[in-house]
Number of protein chains: 4
Amino acid sequence: MRFERIVSDGIAHHSYFIADGGEAIVIDPRRDVDVYLELARQQGARIRFVCETHRNEDYAIGSTALKALAGAEILHSGAIDFEYGTAVREGDAVKVGSTRLGVLETPGHTDESLSFTLADTSETDDPFAVFTGDALFVGDTGRTDLYGEDEKERLARDLHQSLFEKLLPLGDGVLLFPAHGSGSVCGGDISDRDMSSLGFERLHNAKLEAELDAFVKMKTQEPHLVPPYFRRMEEWNQKGNAPIHARVPVPPPLSPGEVAERVEGGALVIDARLPQAYAGGHIPGSLNIWQGGLSAYLGWMVEHGTPIVLVLPEHASVEAVTRILMRIGYDEVVGYLRGGFESWQNDGRLVGRIGTLDTRALRAKMRAKEVTVLDVRKPSEWEDEAVEGALRIFVGDLPKRLDEVPKDRPVVSMCAVGHRGGIGASVLARHGFEAVYNYLGGAKAWKQEQ
Amino acid sequence: MRFERIVSDGIAHHSYFIADGGEAIVIDPRRDVDVYLELARQQGARIRFVCETHRNEDYAIGSTALKALAGAEILHSGAIDFEYGTAVREGDAVKVGSTRLGVLETPGHTDESLSFTLADTSETDDPFAVFTGDALFVGDTGRTDLYGEDEKERLARDLHQSLFEKLLPLGDGVLLFPAHGSGSVCGGDISDRDMSSLGFERLHNAKLEAELDAFVKMKTQEPHLVPPYFRRMEEWNQKGNAPIHARVPVPPPLSPGEVAERVEGGALVIDARLPQAYAGGHIPGSLNIWQGGLSAYLGWMVEHGTPIVLVLPEHASVEAVTRILMRIGYDEVVGYLRGGFESWQNDGRLVGRIGTLDTRALRAKMRAKEVTVLDVRKPSEWEDEAVEGALRIFVGDLPKRLDEVPKDRPVVSMCAVGHRGGIGASVLARHGFEAVYNYLGGAKAWKQEQ
Amino acid sequence: MRFERIVSDGIAHHSYFIADGGEAIVIDPRRDVDVYLELARQQGARIRFVCETHRNEDYAIGSTALKALAGAEILHSGAIDFEYGTAVREGDAVKVGSTRLGVLETPGHTDESLSFTLADTSETDDPFAVFTGDALFVGDTGRTDLYGEDEKERLARDLHQSLFEKLLPLGDGVLLFPAHGSGSVCGGDISDRDMSSLGFERLHNAKLEAELDAFVKMKTQEPHLVPPYFRRMEEWNQKGNAPIHARVPVPPPLSPGEVAERVEGGALVIDARLPQAYAGGHIPGSLNIWQGGLSAYLGWMVEHGTPIVLVLPEHASVEAVTRILMRIGYDEVVGYLRGGFESWQNDGRLVGRIGTLDTRALRAKMRAKEVTVLDVRKPSEWEDEAVEGALRIFVGDLPKRLDEVPKDRPVVSMCAVGHRGGIGASVLARHGFEAVYNYLGGAKAWKQEQ
Amino acid sequence: MRFERIVSDGIAHHSYFIADGGEAIVIDPRRDVDVYLELARQQGARIRFVCETHRNEDYAIGSTALKALAGAEILHSGAIDFEYGTAVREGDAVKVGSTRLGVLETPGHTDESLSFTLADTSETDDPFAVFTGDALFVGDTGRTDLYGEDEKERLARDLHQSLFEKLLPLGDGVLLFPAHGSGSVCGGDISDRDMSSLGFERLHNAKLEAELDAFVKMKTQEPHLVPPYFRRMEEWNQKGNAPIHARVPVPPPLSPGEVAERVEGGALVIDARLPQAYAGGHIPGSLNIWQGGLSAYLGWMVEHGTPIVLVLPEHASVEAVTRILMRIGYDEVVGYLRGGFESWQNDGRLVGRIGTLDTRALRAKMRAKEVTVLDVRKPSEWEDEAVEGALRIFVGDLPKRLDEVPKDRPVVSMCAVGHRGGIGASVLARHGFEAVYNYLGGAKAWKQEQ
């Protein structure tokens with residue numbers, strides 16, 4: 001058996017490739033499926049099955065692509081109406097070589113959530129591992145809020161049953177392979193450590209509260225956010241109608257003049273550089289989301305369908321950035337600025353700039369009551385107060401809550417370190433705020449000012 | 001015969017690898033010789049000979065490394081006193097397989113300059129190509145000023161003879177392989193096109209002035225600069241005593257606190273990011289030389305022996321940057337800031353910032369007579385006036401001419417596009433100038449303001 | 001200007017990629033166009049033009065793929081009726097950045113043959129290089145026999161005119177970039193050296209006979225072979241109807257049992273290992289063409305449309321082998337034996353074996369008059385007699401001339417070194433010859449027996 | 001925490017790299033340490049500690065190389081007299097970032113065997129994983145025979161205590177990371193599956209016999225082999241005096257004539273191709289060990305210090321093969337045959353050949369009583385009888401038991417599939433046996449003859 005975990009950064013998505021006896025299974029493939037095709041090639045294996053743990057909402061799944069490109073059969077739950085693939089139910093199993101994947105129905109995160117047990121039948125039919133999708137993570141359990149307020153409690157009860165009556169009984173020694181790692185929006189407390197077992201989680205996972213009522217109370221009170229881009233993901237993943245690309249499409253390079261034309265025609269410029277570079281100079285009107293944050297924040301800021309022009313970080317490949325966007329359903333990249341931001345400035349065009357502040361400079365401005373401090377972190381981070389008296393608007397909500405930000409004085413955008421602060425500052429700048437600062441280091445720097 | 005041209009960016013250095021019959025020759029290897037060792041491995045060849053066209057001054061040659069690591073014999077001129085290798089003279093030749101390299105003495109750039117003719121003796125003994133070192137470039141001829149004013153004319157006469165009595169007589173159809181391409185400090189007008197022949201140069205190279213007096217006059221009037229780092233290069237390349245590294249040494253990662261300690265201990269921070277990022281935030285006191293400019297400008301700014309700490313561009317590898325420094329003799333890199341500049345800001349430390357300007361903003365400040373404009377381009381670029389009334393100090397001279405820059409008002413540093421402007425601005429900032437701007441786009445933007 | 005020569009081994013095909021100012025031109029792209037797309041990506045360039053020197057016959061051109069995948073415009077001659085692209089004529093030119101490609105009509109190899117001159121107009125409009133297609137090679141000139149006996153002389157006269165009145169007048173210093181290098185079937189004497197100029201060829205190319213009658217006599221007497229696979233290439237390249245693949249299609253792995261089934265269904269097994277391995281054990285009935293010889297010899301042996309199963313060499317990737325077949329129009333690869341030949345033997349199946357001989361062993365058998373020696377080299381190689389008294393049948397003709405080979409005694413297949421000897425031996429073995437040997441080392445070993 | 005398992009094929013050795021907070025730990029590094037240096041570079045981490053689970057005997061450890069090249073501190077047990085590094089004892093711990101490695105003394109495989117527990121102290125001080133060295137494997141337990149007959153039982157008792165009183169009590173949920181995977185000589189029944197937990201092993205590992213006497217009986221009856229090359233490994237690993245290479249040394253290419261000279265001078269030719277290729281033609285006197293078997297079988301066949309010349313498989317890199325040899329202490333590779341075996345045959349030299357047989361052919365020869373069948377499998381494989389009546393000599397013992405093989409008739413060498421059969425056949429051939437066959441497919445083919 002050859003086993004590979006494929007981690008997709010940004011969305012912190014974990015998919016799995018298992019090959020045995022010339023055949024392979026992929027669990028929850030991402031949309032850019034070249035990685036699985038390449039693994040299959042290296043292993044001399046045909047991808048026979050794609051197993052979906054549930055209708056994912058935070059990324060576009062690559063099942064139909066693997067069906068089209070490799071002839072795989074897609075397996076998922078019958079509990080909701082998928083418009084593609086084959087429904088399986090508890091007790092079903094598929095086999096490649098001597099590797100057996102068995103189906104467990106583990107609703108709670110969603111109604112159709114499945115887990116898949118993994119056994120090497122040449123040794124024993126008892127599973128040594130389980131793919132839990134979004135039911136159980138390392139250090140966390142799946143969110144239960146996606147169906148709305150009214151369903152939260154029911155889902156939490158379902159999840160408790162799935163965890164304590166389906167998963168944990170598999171045995172302490174069973175290894176845990178969830179669909180997400182640390183940083184995912186599908187579980188806020190997922191551990192940085194990827195490796196675990198049911199036994200270690202049983203003892204150390206704070207979200208594995210055995211007492212039902214306490215569990216339900218905890219789950220229903222968890223603060224979770226729902227980025228608007230989930231809608232396209234849910235539709236694509238249920239209908240199976242995401243456009244299929246055999247390889248990541250590479251948008252064309254554009255001259256500064258062509259970028260200007262695209263912007264006039266309605267395109268949005270996404271500047272994927274770090275916020276310091278954006279502060280030093282950028283295309284006026286561009287939105288700054290650093291490359292590492294695109295998968296988490298683009299979906300809050302930009303409607304699917306908006307034509308996008310990219311400004312790339314130094315040394316970054318256009319394919320790498322486009323790949324990130326493809327995973328979350330942004331296929332409408334019309335080009336990228338050839339030569340990077342500098343080709344814009346060298347073309348003699350107007351350059352946007354915003355200010356940056358370190359802690360000492362911020363304190364001075366605060367003492368002089370010269371600025372509004374805008375804290376764009378998530379609500380769950382606010383308890384850790386940091387800068388006192390800050391106006392608090394989560395960065396994902398900022399575009400529609402701009403009128404709550406006073407225009408009478410300069411605004412200092414801040415977050416935990418300065419990345420989302422940069423997004424916030426760019427949102428303000430592109431909406432006409434004239435004096436905007438990004439507080440470099442944010443809450444982290446505030447606490448350890450040196 | 002397998003033939004490879006190896007281009008070393010930054011110093012625009014061209015070296016050549018030729019393998020035939022299981023043996024190989026390298027012409028003018030750079031100090032980081034892994035590329036030649038790897039080519040030899042791929043070709044199943046032993047590197048038998050290293051041929052030096054002259055004692056190079058702009059980079060550290062890798063001859064002794066190839067001798068130590070691959071057992072190669074080093075061949076160079078006997079006209080100066082090399083402390084290693086074997087002296088060859090006109091008419092000598094070496095052979096690998098059926099490939100023959102013949103020696104031509106072609107002084108002028110330096111007294112010991114050699115060219116090497118290349119023939120495939122399985123076809124004919126007539127050479128089909130010639131390695132001209134720094135005698136003849138594509139679109140230019142070698143500088144003759146390195147021995148100082150008194151020798152310029154003599155060298156120019158020697159070079160004329162080498163060009164017209166040694167090289168061109170080889171025949172119009174002979175291909176030209178010089179030691180440098182466009183961007184080298186060894187010839188200011190080298191063409192962007194790498195490929196040429198003696199015949200094409202004879203017709204189109206403006207520096208191939210046939211009339212002797214006109215040639216000498218032209219050569220002796222060429223403006224050339226001599227970066228201080230040449231001294232170590234010349235010594236190493238003559239004595240053959242450059243320290244030998246089997247692979248590029250990788251300096252250790254440092255925490256912000258360790259960087260601060262190193263700086264207190266006398267280390268200089270080199271920030272290799274683009275100037276926009278440096279403008280948005282940097283370690284106070286750091287010198288900003290963008291990665292692509294390190295090989296051309298570090299040698300003006302930093303004495304060999306100074307301990308260096310690197311701040312790397314996003315996505316850049318520490319090995320790539322250290323490799324560049326190794327080529328020009330900077331072995332004293334004591335570490336790099338782990339996690340990039342942001343780890344500094346997130347550690348709650350003071351952040352330096354400089355301003356940036358686009359053309360409209362600069363014009364406004366100039367109209368208000370609020371600023372001094374400092375043009376840091378090379379003297380040869382000043383004829384193309386760009387911003388009128390600017391104070392002109394070449395960036396390489398700036399550190400020792402700082403007292404010529406007025407401190408009474410903000411200074412706007414500018415160059416052709418903004419890279420060297422960024423170096424200049426960082427020099428000013430680290431020497432206490434309080435209000436410093438980098439004019440983004442520089443002369444290029446000025447001319448095509450939109 | 002960024003210039004790249006892309007060499008396709010086996011067919012010894014040279015294509016060229018030139019990027020300037022964000023746009024690119026490809027000369028004579030091969031069918032697997034990923035290499036050009038990747039170069040364009042690296043350069044930040046859009047492929048604007050594809051220039052075809054002629055309707056190539058020895059490989060499938062990638063023009064329509066680059067049109068479909070990158071939006072390129074295809075340019076070729078109007079002298080024959082291409083069913084795609086745009087016709088250009090002498091004096092026309094296209095430009096990307098400051099790079100200009102000018103059209104020269106240089107018939108002779110074919111009626112529609114074009115050459116393209118290359119100039120950097122930022123320096124001069126005079127070209128510094130020329131792409132000559134199959135008109136002029138390094139060390140050879142294009143074959144003129146493709147239209148048959150009746151047209152040979154006319155084409156030779158045309159070619160003479162193209163060479164001496166169009167190409168050489170461009171000037172001795174002009175660099176030469178032909179469509180093929182050493183080993184191509186498009187010119188038997190092409191030099192192993194890739195680099196040349198018109199001037200060097202004028203002096204040293206033995207096929208550049210200036211005297212017209214002597215030239216025509218020489219050309220019309222050249223021995224050339226026409227592999228049957230040319231037919232599909234000519235049709236595809238004229239109609240532009242080769243199926244387009246965004247990436248090299250990778251056939252599925254097959255178990256020994258599946259291979260046996262495919263063979264029963266009419267598939268042919270191509271064993272791409274070296275002949276020693278084939279001799280030691282192979283699938284009965286398989287044809288042995290070593291990987292490096294597939295592009296030159298598969299087209300003689302196998303009709304387009306025949307289903308093919310591959311047996312891969314150790315360490316070789318299925319993609320690499322499939323890529324070779326794709327270039328010469330063999331799209332019908334139905335799979336490859338998973339695990340290599342050994343999975344066949346380990347499955348308990350019948351194994352084919354042939355003998356091998358060194359020179360001493362061959363001499364002994366010849367002395368004993370025990371064997372027929374079959375020399376499968378090309379007619380042009382027979383003058384170099386090697387083994388006296390050998391029966392001579394070119395390997396490409398062997399399948400249809402099998403009845404000329406005596407069955408009464410063992411047959412020793414031989415060539416120059418043993419690769420084609422291996423093909424020949426496998427042809428005999430799969431057609432029922434029971435005692436077959438491959439003479440390892442062939443004519444080369446014979447001459448230097450130690 | 002960044003965690004990587006590094007698998008060294010052939011020796012089936014698993015080492016581990018853990019980085020946290022800019023520092024890293026390596027567990028049981030192999031001698032070619034470039035992989036760890038590269039991981040450290042990628043992670044921006046300094047390698048602080050090397051942890052040795054025991055004095056390894058089956059490969060040369062890279063601890064002193066990592067000390068020399070990266071400044072790491074080496075930690076091992078004090079139970080034997082290591083001539084380098086720092087002794088640690090139960091209860092000691094080292095920490096990088098929040099990752100803590102704790103020391104457990106787990107003797108049994110050897111007296112000085114340690115295990116290291118792994119905890120992420122930012123979560124809990126309880127370990128989530130344990131590095132067990134050669135105490136506990138997935139599906140097996142460490143061998144206890146290395147000190148000889150007299151110590152076997154004592155070691156087995158110690159191991160039982162280590163397993164049941166030290167390791168299993170860590171908890172069922174603790175993940176298991178041993179020093180070897182399937183195919184290692186350090187445990188004959190190691191599972192093909194790399195992933196496990198203490199709990200899964202407790203339930204399913206047949207060698208985890210809880211009852212002490214039964215355990216001791218089982219362990220002392222296990223058949224294990226001790227290859228002679230272990231001696232140098234043990235010495236190097238105890239004294240820490242293995243020569244240090246910053247990178248894998250690449251031996252020079254040799255012409256056929258040079259190979260012949262080396263052989264006359266006492267060098268042994270190791271032919272690393274598959275046995276079919278060796279059968280079809282080889283250098284007379286060469287020993288055939290296929291590349292994948294070098295680390296397991298070279299150490300039986302060749303004394304350390306013997307000069308070695310390599311014949312490489314098609315497409316294999318000399319670095320890859322030399323790397324394998326470096327790991328098991330064979331530093332005396334004096335070169336490799338340039339151009340592969342074919343350059344030997346093409347040079348007109350004598351070629352060795354052996355026969356191959358499939359099952360049908362073998363049966364025919366056996367019926368005719370024409371051959372001796374020699375089964376070179378390990379004693380533990382003989383119970384699975386396969387070919388009845390075969391002479392049984394383990395391939396590793398063959399060189400010193402050659403006189404047991406009858407010379408009066410042809411010998412058919414066989415193993416499980418044909419690789420070791422090929423080794424055996426080459427041993428016979430190089431010692432003067434004239435008619436030698438390799439039975440392709442061996443016991444596997446015999447059982448499923450088709």
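Reading the values: the criteria
- Residues numbered from 1 in each chain as written.
- Chains lettered and ligands numbered in written order.
- Predicted model: local features only at pLDDT ≥ 70, side-chain atom pairs only at ≥ 80, totals over all residues.
- Heavy atoms only, no water.
- Helix = DSSP H or I, 4+ residues; strand = E, 2+ residues; numbered from the N terminus.
- Contact = heavy atoms within 4.5 Å.
- Areas by Shrake-Rupley, 256 points an atom, 1.4 Å probe, with all protein chains shown as cover.
- Lys, Arg positive; Asp, Glu negative; His and termini not counted.
- Charge placed at Lys NZ, Arg CZ, Asp CG, Glu CD.
- Buried area = accessible area lost by both parts, 1.4 Å probe.
- Salt bridge = Lys/Arg side-chain N within 4 Å of Asp/Glu carboxyl O.
- Polar contact = N/O pair within 3.5 Å; in protein donor to acceptor, adjacent residues only side chain to side chain.
- Nonpolar A, V, L, I, M, F, W, Y, C, P; charged D, E, K, R; others polar.
- Buried < 20%, exposed > 50% of the residue type's maximum accessible area, 1.4 Å probe, protein only.
- Pairing = 2+ DSSP bridges.
- Least-squares fit on C-alpha atoms with pLDDT ≥ 70 in both.
- Axes fitted to C-alpha atoms, helices over the stretch in contact; angles between N-to-C directions.
- Parallel < 35°, antiparallel > 145°, perpendicular 65-115°, else oblique.
- Left-handed = near helix turned anticlockwise from the far one by under 90°.
- Arc of directions from axis to C-beta.
- Right-handed = clockwise from strand over helix to strand, strands pointing away.
- Phe/Tyr/Trp six-rings, centres within 6.5 Å; stacked < 30°, edge-to-face > 60°.
- Lys NZ or Arg CZ within 6 Å of the ring centre and 35° of its normal.

## Remarks on the overall build of chain A
The helix and strand inventory of chain A stands at 15 helices and 23 strands. Taking the contacts inside chain A whose residues are at least 6 apart along the sequence as the reference set, 68% of them involve residues at least 24 apart. In the form shown here, chain A has an accessible surface area of approximately 15,400 Å², with 45% of it arising from carbon and sulfur atoms. Of the side chains in chain A, 49 bear a positive and 68 a negative charge, and the two mean positions are spaced by 5 Å.

## Topic: the interface of chain B and chain A
When the parts of a complex come together, some accessible area is lost, and that lost area is often taken as the interface size. Facing 38 residues of chain B, the contacting portion of chain A comprises 37 residues. For the pair chain B and chain A, the summed buried surface comes to about 3,200 Å²; carbon and sulfur atoms form 45% of the total. Applying the counting criterion to the chain B and chain A interface returns zero salt bridges. Between chain B and chain A we count 18 residue pairs in polar contact (both at pLDDT 80 or more) in total. Listing elements by their share of the side of chain B that touches chain A, those giving two or more residues are helix 8 (275-280), helix 11 (341-346), strand 20 (355-357), helix 12 (359-367) and helix 15 (442-447) of chain B. The element that contributes the greatest number of residues to the side of chain B that touches chain A is helix 8 of chain B, accounting for five residues. Of the residues in the side of chain B that touches chain A, the class split is 14 nonpolar, 14 polar and ten charged.

## Some remarks on the interface of chain A and chain C
Residue-level contacts link 18 residues of chain A with 18 residues of chain C. Across the chain A/chain C interface, buried area totals approximately 1,500 Å², and carbon plus sulfur atoms make up 48% of it. The largest share of the area that chain A buries against chain C comes from A:R41, A:R46 and A:R247, three residues that together contribute 42% of it. The tally of links between chain A and chain C comes to four salt bridges. Elements with a contribution of two residues or more to the side of chain A that touches chain C: helix 1 (34-43), strand 14 (253-254) and helix 10 (318-327) of chain A. Of the residues in the side of chain A that touches chain C, the class split is eight nonpolar, three polar and seven charged.

## Describing the pairing of strand 16 (residues 268-271) of chain B
Residue and element names in this part refer to chain B. Here strand 16 shows no split at all, with L268 and I270 on one side and V269 and D271 on the other all buried. Of the strand pairs in this sheet, strand 16 and strand 18 (residues 308-311) are connected by four bridges, and their pairing is parallel. The partner of L268 across the bridge, within strand 18, is I308. Examined bridge by bridge, strand 16 and strand 17 (residues 287-288) share two bridges and lie parallel to one another. Paired with I270 across the strands is L287, a residue of strand 17.

## Some words on the relation of the copies chain B and chain A
With an RMSD of 0.0 Å, the fit of chain B onto chain A corresponds to turning through 180 degrees and sliding 0.0 Å along the axis. Expressed as an axis order, the relation between the two copies is that of a two-fold axis. Rotation axis and chain B: the residue whose C-alpha lies nearest the axis is B:A277, separated from it by 1.8 Å. A high fraction, 97%, of the interface residues of chain B reappear at the interface in chain A, so the copies pair face to face through one surface.

## Quick notes on the pattern of salt bridges
Residue and element names in this part refer to chain C. Going through the model one piece at a time under the given rule, you end up with 148 salt bridges over all chains. Between D331 and R31 there is a salt bridge whose closest N-O contact spans 2.6 Å. Taken together, the residues span a long stretch of sequence, with D331 in the loop between helix 10 (318-327) and strand 19 (333-337) and R31 in the loop between strand 3 (23-27) and helix 1 (34-43) at a distance of 300 residues. Using a relative accessible area of 28% as the deciding quantity, one classes D331 as partly exposed.

## With respect to the side chain of D:S115
Here D:S115 is to be found in strand 9 (residues 114-120). For D:S115, the side chain forms a polar contact with the side chain of D:T106, separated by 2.9 Å.

## Considerations on unusual backbone geometry
Note on backbone geometry: most residues besides glycine have negative phi, and most peptide bonds are trans. Residue and element names in this part refer to chain A. Positive phi outside glycine occurs at H315, with the angle close to 70 degrees. Relative to the helices and strands, H315 resides in the loop between strand 17 (308-311) and helix 10. Of the residues examined, H315 reaches a relative accessible area of 42% and is grouped as partly exposed. Within the chain, K369 stands out as a residue other than glycine whose phi angle is a positive 50 degrees. Examined against the element boundaries, K369 turns out to sit in the loop between helix 12 (359-367) and strand 20 (372-375).

## Examining the packing of helix 3 (residues 149-167) of chain A against helix 5 (residues 212-221) of chain A
The relative placement of two packed helices comes down to the angle between their axes together with the axis-to-axis distance. Residue and element names in this part refer to chain A. Interaxial distance between helix 3 and helix 5 falls to 9 Å at its minimum, and their mutual angle equals 130 degrees. Put simply, helix 3 runs oblique to helix 5. Handedness of the crossing formed by helix 3 with helix 5: right-handed. Contact with helix 3, carried on its side by K152, E153, A156, R157, L159, H160 and L163, involves L212, D213, F215, V216, K219 and T220 of helix 5 and no other residues of that element. Grouping the amino acids of the contact of helix 3 with helix 5 by side-chain chemistry returns six nonpolar, two polar and five charged.

## Let's talk about helix 5 of chain A
Residue and element names in this part refer to chain A. Listed as buried for helix 5 are F215, V216 and K219. Summarising the axial view, the buried residues of helix 5 lie within an arc of 95 degrees, below the 170-degree limit, and thus occupy one face. Helix 5 presents K217 and Q221 as exposed residues on the side facing more than 90 degrees away from its buried surface. Turning to helix 5, the residues buried within the fold contact strand 12 (140-141) and helix 3.

## Description of the sheet that holds strand 1 (residues 2-8) of chain A
All names here are of chain A. Overall, mixed pairing links the six strands, which are arranged 1-2-3-4-5-6 in an open sheet. Of all strands in the sheet, those with a lone pairing partner are strand 1 and strand 6 (86-88), marking the two edges. Averaged over all adjacent pairs, the angle separating strand axes in this sheet is 25 degrees, with direction ignored. Pairing analysis gives seven bridges linking strand 1 to strand 2 (residues 13-20), with the strands arranged antiparallel. Looking across to strand 2, one finds that R5 is bridged to Y16. Strand contacts of helix 1: strand 1, strand 2, strand 3 (23-27) and strand 4 (46-51), with the helix running at about 160 degrees to strand 1, the strand carrying the most contacts.

## Some remarks on the relation of the copies chain A and chain C
Between chain A and chain C, the superposition needs a rotation of 180 degrees and an axial shift of 0.0 Å, giving an RMSD of 0.0 Å. Take the interface residues of chain A: 100% of them recur as interface residues in chain C, which is what a same-surface contact looks like.

## Digging into the sheet that holds strand 10 (residues 129-133) of chain D
Residue and element names in this part refer to chain D. Read across the sheet, six strands follow the order 7-8-9-10-13-14 without closing on themselves; strand pairing throughout is mixed. The open sheet has two free edges, formed respectively by strand 7 (93-96) and strand 14 (196-197), since each of these has just one partner strand. The strands touched by helix 3 (residues 149-167) within the sheet are strand 8 (99-105), strand 9 and strand 10, with strand 8 carrying the most contacts at an inclination of about 140 degrees.

## With respect to helix 12 (residues 359-367) of chain C
Along an α-helix, a turn takes 3.6 residues, which lines up residues three or four apart on a common side. All names here are of chain C. Taken residue by residue, helix 12 has T359, A361, L362 and K365 as its buried positions. Along the axis of helix 12, the buried positions cluster into a sector of 160 degrees, meaning they face one direction only. What points out from helix 12, more than 90 degrees from its buried face, is the exposed set R360 and R367. For helix 12, the elements touching its buried residues are strand 20 (355-357), strand 21 (372-375), strand 23 (411-414), strand 24 (436-439) and helix 15 (442-447). Downstream of helix 12 by one or two residues, K369 has phi in the positive range, about 50 degrees.

## Description of the pairing of strand 18 (residues 308-311) of chain D
Both faces of strand 18 of chain D are covered, namely the face carrying D:I308 and D:L310 and the face carrying D:V309 and D:V311. On the question of chirality, the crossover connecting strand 18 of chain D to the parallel strand 19 (residues 333-337) of chain D by way of helix 10 (residues 318-327) of chain D is right-handed.

## Notes on the environment of D:S63
All names here are of chain D. For S63, the location among the structural elements is in helix 2 (residues 63-70). Once the C-alpha coordinates of S63 and D145 are considered, the two residues, 82 residues apart in sequence, prove to be 25 Å apart. Leaving out residues up to four positions away in the same chain, S63 has contacts with P29, V50, E52, I74 and Y84.

## Some words on the packing of aromatic side chains
Aromatic ring pairs are defined here through the distance separating the ring centres and the angle between the ring planes. The final tally for this structure, using the stated rule, is 48 aromatic pairs over all chains. Taken together, a centroid distance of 6.2 Å and an interplanar angle of 20 degrees make the contact between A:F3 and A:F131 stacked. Of this pair, A:F3 sits in strand 1 while A:F131 sits in strand 10 (residues 129-133), and the two are 128 residues apart along the sequence. Per residue, the accessibility class of A:F3 equals that of A:F131, and both read buried. Just above the ring of D:F128 sits the side chain of A:R193; from NZ or CZ to the centre is 4.9 Å. We note B:R363 situated over the ring of B:W446; from NZ or CZ to the ring centre the distance is 4.0 Å.

## Description of the side chain of A:H180
Residue and element names in this part refer to chain A. Relative to the helices and strands, H180 resides in the loop between strand 13 (175-178) and helix 4 (198-204). By relative accessible area, which is 1% here, H180 ends up buried. Here I11 takes part through its backbone oxygen, which lies 3.4 Å from a polar atom of the side chain of H180. At 3.0 Å, the side chain of H180 forms a polar contact with the side chain of D58. The residues touching H180, leaving out its near neighbours within four places in the chain, are I11, A12, H13, H14, D58, D134, F137, C186 and I190.

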